[in-house]
Amino acid sequence: MTVLTGTLTIISLSVIVLLHIVTAIFDNKISKILEYVNVTLHIALVLALLYDGVPIEEAPLAFMISLFVYTLTRAVSGYLRRGGGNDI
Amino acid sequence: MTFNSLEFLLFYPVVALLYFVLPKKAKWPMLLVASYYFYAFYQAQLLFLIVATTLISWISSRIIWRSQRLALRRALLALTLVVCLGVLFFYKYFNFLSGSVTGLIELFGGTPTRVELDLVLPVGISFYTFQTLSYVIDVYRGDVEPEKNFFFYALFVSFFPQLVAGPIERPGNLIPQLKESHAWSDADAVKGTKHMLVGFFKKICVADMISVYVNSVYNEPESATALGIIIATALFAVQIYCDFSGYTDIAIGCARVMGIRLMQNFDHPYMATSIKEFWSRWHISLSSWFKDYLYIPLGGNRRGRARAQLNVFIVFLVSGLWHGASWTFVLWGAIHGVYQILGSLTKDLRNRALNKLGISENNFGVKWCRRVGVFLLVSFAWLFFRANSMADAALLLDRLFVSGWSVGLSDTLSAMGLNTYGCIMTALSVLTLIMIDRMVVYGDGRDLSDLVTRRASFIYYVWIVLLCWIQLLSGDMTSTFIYFQF
């Protein structure tokens, strides 16, 4: 069974995931700008979901993938940099 | 009113706004009115129970404090315990006891008439009763001075974030904070909001989603397969953690925004390396309540090893009964009691075995083996906690150990409704939860005072809100929290 069916959705999500990884690896001005780009891309993802006319259940999946990659990359970069804990 | 309802999303911002806008003298009366409104919205007809319990405990604690006669103080304490626990017993356990006695008589050939009252279980009665009792006992012991203002004490009992499902607060922690006038703080607002969002994520995106698969097995035990029971029970372990700790996170977050710090109720319970440690990490406010007000008064570990083990077992039996009026909960408590006793009795033996093998107790592999072992033991006990009745629990055990192994994994997943999408979503949600937890432990390795990073982080919390919202739209109606029934 295919779980993500919209082409635009898949492309947007792939770019988002890539940017999550890039911005987690590099800690400089460019990565900060890329974080903003990535946030904008999330809006594009919503539009892509709407344009693709995909089933509603794909929307949580797309966001969950993005959220998972974001938290994973930040947890890994935090572990490697040992920046200290946050109070959530 | 439940936290995951539209009403609460309207109610809470108004209360928080009023808290900061109103003058100091009007803050706590507003919180009291809001708390009673919060409860009445759910069960207006049973609001009088909270008021009555509050009034009785307040009056008795005042007299206990003033009186010099030990006999009178003891009698009043006993009377308050009887009244408060009597109300709890009547509403929560009357039908259970009546049914149990009837069943026992039938077992010996009698034909009794079963008395069953049409009672509605008051939401959160176990929580506010225990909070009230801790106050009266603390006053009796001289640990806390009784509150002079009845309405202020009423706010301590009914403070809305923790009213229906805890944390069970101690007077020494909450009352002084409620008396203070907290000004708006950016740090508290951000931390509180983040707590709430993580709580909503746990409840809506993890617990509610998983509950569908768990229910498919536990609500139809006659058709459950062994693999289905194993998967559903492991998922239930995640569901109940996310459901309850999610509620606690929201409660802590709600209070934190207003500058009030509620006690921590969970501390990575599934990372525990022993059952004893698990109970120091799970529902901490209840565990510590039982320790202070039941285990130690029973004698704790001061009367020999055998008596200490018996005390532990009694505490877990009562803890099981506290959770619900059903033999499944009692059995669940008893299983944990047995775990604790066996763990304590075999501790030296296990340590000696490790020493002989030349393996340190802090070895990475040993720690993780223990964690997995604790998770399996706790999950096995959850089976009884989640089973709808003892008959269902027996049937599930039969299917798990005897007759349920004829069906393969793919058929089991299909029967549970766990398709590819469901499997991916479940796995991702659980993994994301673990990653959020790791982010809390490690930080994200960046300077959080940096404006751009802070904004980007904030926007990600907004995405969590959106995710919750989309999940709500694509799922069924909002469900109540599991611990509401306790």
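Residues numbered from 1 in each chain as written. Chains lettered and ligands numbered in written order. Predicted model: local features only at pLDDT ≥ 70, side-chain atom pairs only at ≥ 80, totals over all residues. Heavy atoms only, no water.

### Some points on the pattern of salt bridges
Residue and element names in this part refer to chain B.
Next, step 1: Considering all chains together, one arrives at eight salt bridges over all chains under this definition.
Next, step 2: Asp 249 serves as the salt-bridge partner of Lys 202, at 2.7 Å between the closest nitrogen and oxygen. Highlighted residues: Lys 202 in helix H8 (residues 186–218) and Asp 249 in helix H9 (residues 226–257), separated in sequence by 47 residues.
Next, step 3: Lys 203 is the partner of Asp 243 in a salt bridge, and the nearest nitrogen-oxygen pair spans 2.8 Å. Of this pair, Asp 243 sits in helix H9 while Lys 203 sits in helix H8; the two residues are 40 residues apart in sequence, bridging distant segments of the chain. Accessibility assignment for this pair places Asp 243 and Lys 203 in one class, buried.
Next, step 4: Salt bridges linked by common partners bring Asp 188, Arg 256 and Arg 261 together as one network. (Salt bridge = Lys/Arg side-chain N within 4 Å of Asp/Glu carboxyl O. Helix = DSSP H or I, 4+ residues; strand = E, 2+ residues; numbered from the N terminus. Buried < 20%, exposed > 50% of the residue type's maximum accessible area, 1.4 Å probe, protein only.)

### Looking at the packing of H9 of chain B against helix H15 (residues 390–403) of chain B
All names here are of chain B.
Next, step 1: Closest axis-to-axis distance for the H9/H15 pair is 7 Å, and the angle between their directions is 115°. When you trace H9 past H15, the crossing you get is left-handed. Listed contacts from H15 to Ala 226, Ile 229 and Ile 230 of H9 are Leu 396, Arg 399 and Leu 400.
Next, step 2: Here the contact of H9 with H15 is built from residues that sort into five nonpolar, no polar and one charged. (Axes fitted to C-alpha atoms, helices over the stretch in contact; angles between N-to-C directions. Left-handed = near helix turned anticlockwise from the far one by under 90°. Contact = heavy atoms within 4.5 Å. Nonpolar A, V, L, I, M, F, W, Y, C, P; charged D, E, K, R; others polar.)

### So, the environment of Arg 74 of chain B
Residues and elements named next belong to chain B.
Next, step 1: If you trace the backbone, Arg 74 turns up in helix H4 (residues 70–107).
Next, step 2: Using a relative accessible area of 52% as the deciding quantity, one classes Arg 74 as exposed.
Next, step 3: The sequence separation of Arg 74 and Ile 64 amounts to 10 residues, and the corresponding C-alpha distance is 8.2 Å.

### Considerations on a positive patch on the surface
Next, step 1: On the surface, Lys 276, Lys 291, Lys 347 and Arg 350 of chain B cluster together into a positively charged patch.
Next, step 2: Counting through the fold element by element, Arg 350 of chain B comes out in helix H13 (residues 327–357). (Patch = residues over 30% accessible without salt bridge, like charges linked within 9 Å, V, L, I, M, F, W, Y side chains within 5 Å. Areas by Shrake-Rupley, 256 points an atom, 1.4 Å probe, with all protein chains shown as cover. Lys, Arg positive; Asp, Glu negative; His and termini not counted. Charge placed at Lys NZ, Arg CZ, Asp CG, Glu CD.)

### As for the side chain of Ser 319 of chain B
Next, step 1: Residue position: Ser 319 of chain B is located in helix H12 (residues 305–323).
Next, step 2: Every residue in contact with Ser 319 of chain B, bar those within four places of it in the chain, is listed here: Leu 286, Phe 290 and Trp 332 of chain B.

### A closer look at the packing of H13 of chain B against helix H14 (residues 364–386) of chain B
In helix packing, the relevant descriptors are the interaxial angle and the interaxial distance, both defined with respect to the helix axes.
Residues and elements named next belong to chain B.
Next, step 1: Remark: H13 packs on H14, axes separated minimally by 9 Å, with the N-to-C direction vectors making an angle of 160°. Taken together, the axis directions place H13 and H14 in an arrangement best described as roughly antiparallel. Crossing geometry of H13 relative to H14 is assigned as right-handed. Between H13 and H14, the residues in contact are Thr 328, Phe 329, Leu 331, Trp 332, Ile 335, His 336, Tyr 339, Arg 350, Asn 351 and Leu 354 and Val 366, Arg 370, Leu 377, Val 378, Phe 380, Ala 381, Trp 382, Phe 384 and Phe 385, respectively. (Parallel < 35°, antiparallel > 145°, perpendicular 65-115°, else oblique.)

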